[in-house]
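Chain by chain, the residues run as shown.
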Amino acid sequence: MIKAQVIRSSQREFECRLTIGSEVVTAKALGNLLKNNDSIVVGDRVLLERLGNEFEIHEVEKRKNEIFRIIVREQKKKVTAANCDLLVIVTSVSLPAYK
């Protein structure tokens, strides 16, 4: 198994940066990983398996932390990002006028 971190997601395909060598590869997730309530998000650390020229995500490691929002109507949380080491908040105090 090859360790990697998800850097971009698009439905079933994920771009992952390998921890050894920093190469970026495209991997597909197995169906059972996508059916869980916690889907794969940017920042997740995953275990990949190489099948010829393609990669498959076989396992998602436990998250260190996560950024999420609550969906009020469904009473669920939707995770936006995981394993964040740095968070930068940029805001303006003068324009537009603070309410």
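Quick note: structure is the one above.
Everything in this summary refers to the structure shown in the same document. Just so you know, these numbers come straight off a predicted model, no measurement behind them. (Residues numbered from 1 in each chain as written. Predicted model: local features only at pLDDT ≥ 70, side-chain atom pairs only at ≥ 80, totals over all residues. Heavy atoms only, no water.)

What follows is about the overall build of the protein. The helix and strand inventory of the protein stands at one helix and seven strands. Helices and strands appear in the protein in the N-to-C order β-β-β-α-β-β-β-β. In summary, the protein has a C-alpha radius of gyration of 16 Å against a globular reference of 13 Å for 99 residues, an excess of more than 25%. Structurally, the protein occupies a C-alpha span of about 55 × 35 × 20 Å along its principal axes. Across the 99 residues in the protein, those meeting the buried criterion constitute 23%. Across the protein, contacts joining residues at least 24 apart in sequence account for 40% of those joining residues at least 6 apart. Counting every atom, the protein has about 7,800 Å² of accessible surface; 51% of that belongs to carbon and sulfur. Charged side chains in the protein number 17 positive and 13 negative. The centres of these two groups are separated by 7 Å. (Helix = DSSP H or I, 4+ residues; strand = E, 2+ residues; numbered from the N terminus. Rg over C-alpha atoms; globule rule 2.2 N^0.38 Å. Buried < 20%, exposed > 50% of the residue type's maximum accessible area, 1.4 Å probe, protein only. Contact = heavy atoms within 4.5 Å. Areas by Shrake-Rupley, 256 points an atom, 1.4 Å probe, with all protein chains shown as cover. Lys, Arg positive; Asp, Glu negative; His and termini not counted. Charge placed at Lys NZ, Arg CZ, Asp CG, Glu CD.)

Let's shift gears to the packing of aromatic side chains. Counted under the stated rule, the structure contains zero aromatic pairs. A cation over a ring is seen here: Lys77 above Phe68, with NZ or CZ 4.8 Å from the ring centre. (Phe/Tyr/Trp six-rings, centres within 6.5 Å; stacked < 30°, edge-to-face > 60°. Lys NZ or Arg CZ within 6 Å of the ring centre and 35° of its normal.)

Where nonpolar side chains cluster on the molecular surface, the patch consists of Ile67, Leu87 and Ile89 and spans about 330 Å² of accessible area. By the secondary structure assignment, Ile67 is in strand S6 (residues 66-71). Residue classification places Ile67 among the partly exposed residues on the basis of a relative accessible area of 34%. (Patch = residues over 30% accessible without salt bridge, like charges linked within 9 Å, V, L, I, M, F, W, Y side chains within 5 Å. Salt bridge = Lys/Arg side-chain N within 4 Å of Asp/Glu carboxyl O.)

On to the sheet that holds strand S1 (residues 2-10). An order of S1-S2-S3-S5-S4 is seen for the five strands of this closed barrel, with the pairing classed as mixed. With direction set aside, neighbouring strand axes in the sheet form an average angle of 55°. By the bridge criterion, six bridges tie strand S4 (residues 45-51) to strand S5 (residues 54-60) in an arrangement that is antiparallel. Its bridge partner lying in S5, Arg50 is registered against Phe55. (Pairing = 2+ DSSP bridges. Axes fitted to C-alpha atoms, helices over the stretch in contact; angles between N-to-C directions.)

What follows deals with the nonpolar core. Within soluble globular proteins, side chains that are nonpolar generally end up buried alongside one another. By size, the foremost hydrophobic cluster in this structure holds 14 residues, and its most contacted members are Phe14, Cys16, Ile40, Val46, Leu48 and Ile57. Broken down by secondary-structure element, the contributors of at least two residues to this core are S1, strand S2 (13-18), strand S3 (24-29), S4 and S5. In this structure Leu48 touches Met1, Ile2, Ala4, Cys16, Leu18, Val25, Ala27, Phe55, Glu56 and Ile57, once residues within four positions along its chain are discounted. (Core = buried A, V, L, I, M, F, W, Y, C linked by side-chain atoms within 4.5 Å.)

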